[in-house]
Amino acid sequence: MTSLRISIAAMLLVGGIFATHSLRPKIAAVPHWPLREFPSDIGLAHSEDRPFEAQIVRAVGADDYINRVYLGSTPPIELYIGYYKDQRSGERIHSPKNCLPGSGWEPVHASRVQLGSENGVPLLVNGYLVAQGPRRNMVLYWYQSQGRIVASEYLAKFLLITDGLKNRPTDGAMVRIWTSAADGEASAQARAVDFARRVYPKIEEFLPD
């Protein structure tokens, strides 16, 4: 019976992906403003843009993005936002948990981190402590679209399918926050969470309604 349920779920997922290709969705709107106009100061921090090399931009495949380091009295925080106008293939956004090992960073452990709540629903994102030799960094990331913040890649794809079936835009963004954990994992996570709480409402202003 368990195998049957798994088979049915897989068929529904494949059918949903096929349907999002077959149906003609509404044309996704462009962001309200280009991401390069995203605030350059968050709290007391100022920032420097760190654009990717051309081959990385091609590999990422985002229609718009920023990669920026926010500097201040605390260790720097790197913010990446990648915006995709149309995700009907369900494969355009690359999950950091798959990309980190390829860039030499290995996960030490992962967790769900709560940023807050809206209407009684917790806002959960992914938290990763990663290592490269003796170095330790803290990474938070999530998917944001249609007023939603989603941690799970599987839930993000499911919502993408339902949006496509309902003839809604299938645009969205992947958000990643990165900071050193040299001052300790707890301090690094607290710093990243505080920054994320300041950032995610502003990101929503740059995404279509």
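This one's a predicted model, so the numbers in the text were calculated from it and none came from an experiment. (Residues numbered from 1 in each chain as written. Predicted model: local features only at pLDDT ≥ 70, side-chain atom pairs only at ≥ 80, totals over all residues. Heavy atoms only, no water.)

1. A closer look at the pairing of strand β5 (residues 121–132)
Part 1 of the reasoning: With 11 bridges connecting them, strand β4 (residues 106–118) and β5 associate as antiparallel partners. For Glu106, the partnering residue across the bridge sits in β5 and is Ala131.
Part 2 of the reasoning: Hairpin remark: β4 followed by β5, antiparallel, with 2 residues in the connecting loop; positive phi at Asn119, about 55°.
Part 3 of the reasoning: A loop of 2 residues connects β5 with strand β6 (residues 135–145), the two strands running antiparallel in sequence, and Gly133 in this loop sits at a positive phi of about 65°. (Pairing = 2+ DSSP bridges. Helix = DSSP H or I, 4+ residues; strand = E, 2+ residues; numbered from the N terminus.)

2. Focus on the side chain of Asn137
Part 1 of the reasoning: Position of Asn137 relative to the elements: it lies in strand β6.
Part 2 of the reasoning: Judged by its relative accessible area of 7%, Asn137 falls in the buried class.
Part 3 of the reasoning: Contact partners of Asn137, with chain neighbours within four places excluded, come to Trp105, Tyr128, Leu129, Val130, Trp178, Thr179, Ser180 and Ala181. (Buried < 20%, exposed > 50% of the residue type's maximum accessible area, 1.4 Å probe, protein only. Contact = heavy atoms within 4.5 Å.)

3. Focus on the nonpolar core
Part 1 of the reasoning: In terms of nonpolar packing, the biggest core is built from 33 residues, with Phe38, Leu79, Ile81, Trp142, Ile177, Phe195 and Ile203 touching the most fellow members.
Part 2 of the reasoning: Aside from chain neighbours lying at most four places away, what touches Trp142 is Val125, Ile149, Val150, Ala173, Met174, Val175, Ile177, Ala196, Tyr200 and Ile203.
Part 3 of the reasoning: With 14 residues, the next largest nonpolar core counts Ile93, Leu100, Trp105 and Val139 among its residues. (Core = buried A, V, L, I, M, F, W, Y, C linked by side-chain atoms within 4.5 Å.)

4. Quick look at the environment of Met138
Part 1 of the reasoning: Inspection of the secondary structure assignment puts Met138 in strand β6.
Part 2 of the reasoning: Met138 gets classed as buried once you look at its relative accessible area, which sits at 2%.
Part 3 of the reasoning: Excluding residues that lie within four positions of it along the chain, Met138 makes contacts with Tyr128, Leu129, Ile177, Trp178, Thr179, Ala181, Glu185, Ala188, Gln189 and Ala192.

5. Observations concerning the pairing of strand β8 (residues 172–180)
Part 1 of the reasoning: Counted residue by residue, β8 has 8 buried out of 9 residues, so it is predominantly covered.
Part 2 of the reasoning: Both strand β3 (residues 77–84) and β8 contribute to a ladder of 8 bridges, which runs antiparallel. Directly across from Leu79, in β8, lies its bridge partner Ile177.

6. Comments concerning empty space enclosed by the protein
Part 1 of the reasoning: If you walk through the whole model with that rule in mind, you get 1 cavity of 30 Å³ or more.
Part 2 of the reasoning: Here the largest cavity is characterised by a volume of approximately 40 Å³.
Part 3 of the reasoning: Phe52, Val57, Val60, Gly61, Ala62, Tyr65 and Tyr80 together form the lining of the largest cavity.
Part 4 of the reasoning: Along the lines of polarity and charge, the residues of the lining of the largest cavity split into 6 nonpolar, 1 polar and no charged. (1 Å grid on protein atoms, 1.4 Å probe; cavity = no way out; pocket = protein on both sides within 12 Å on 5 of 7 lines; lining within 4 Å. Points joined across faces, edges and corners; volume = space filled by probe spheres on them. Nonpolar A, V, L, I, M, F, W, Y, C, P; charged D, E, K, R; others polar.)

7. Observations regarding the side chain of Arg176
Part 1 of the reasoning: Its place among the elements puts Arg176 in strand β8.
Part 2 of the reasoning: For Arg176, a relative accessible area of 16% gives the class buried.
Part 3 of the reasoning: Within the structure, the side chain of Arg176 is placed 2.7 Å from the side chain of Glu78, a separation counted as a polar contact.
Part 4 of the reasoning: Setting aside anything within four residues of it in sequence, one finds Arg176 in contact with Asn67, Glu78, Leu79, Tyr80, Val139, Leu140 and Tyr141. (Polar contact = N/O pair within 3.5 Å; in protein donor to acceptor, adjacent residues only side chain to side chain.)

8. Here we look at the pattern of salt bridges
Part 1 of the reasoning: Considering all chains together, one arrives at 5 salt bridges under this definition.
Part 2 of the reasoning: Note that Asp194 is salt-bridged to Arg198, the shortest N-O span being 3.1 Å. Of this pair, Asp194 and Arg198 both sit in helix α5 (residues 185–205), 4 residues apart, which is roughly one turn of that helix.
Part 3 of the reasoning: Look at Asp194 and you get partly exposed, because its relative accessible area is 39%.
Part 4 of the reasoning: The class of Arg198 is partly exposed, set by a relative accessible area of 40%. (Salt bridge = Lys/Arg side-chain N within 4 Å of Asp/Glu carboxyl O.)

9. Details of unusual backbone geometry
Part 1 of the reasoning: Located in the positive-phi region is Asn119, a residue other than glycine, with phi close to 55°.
Part 2 of the reasoning: Here Asn119 lies in the loop between β4 and β5.
Part 3 of the reasoning: Among the residues examined, Asn119 registers a relative accessible area of 83% and is labelled exposed.

10. Some points on the confidence of the model for the chain
Part 1 of the reasoning: Within the chain, residue pLDDT values average 81, and 76% of them lie at 70 or more.
Part 2 of the reasoning: Of all secondary-structure elements in the chain, the lowest mean pLDDT belongs to helix α1 (residues 2–22), at 41, while strand β2 (residues 64–71) reaches the highest, 96.
Part 3 of the reasoning: Here residues 1–25 is a poorly scored stretch, pLDDT under 50, and it has 17 contacts once near neighbours within four places are set aside; other chains count. (pLDDT = per-residue confidence, 0-100.)

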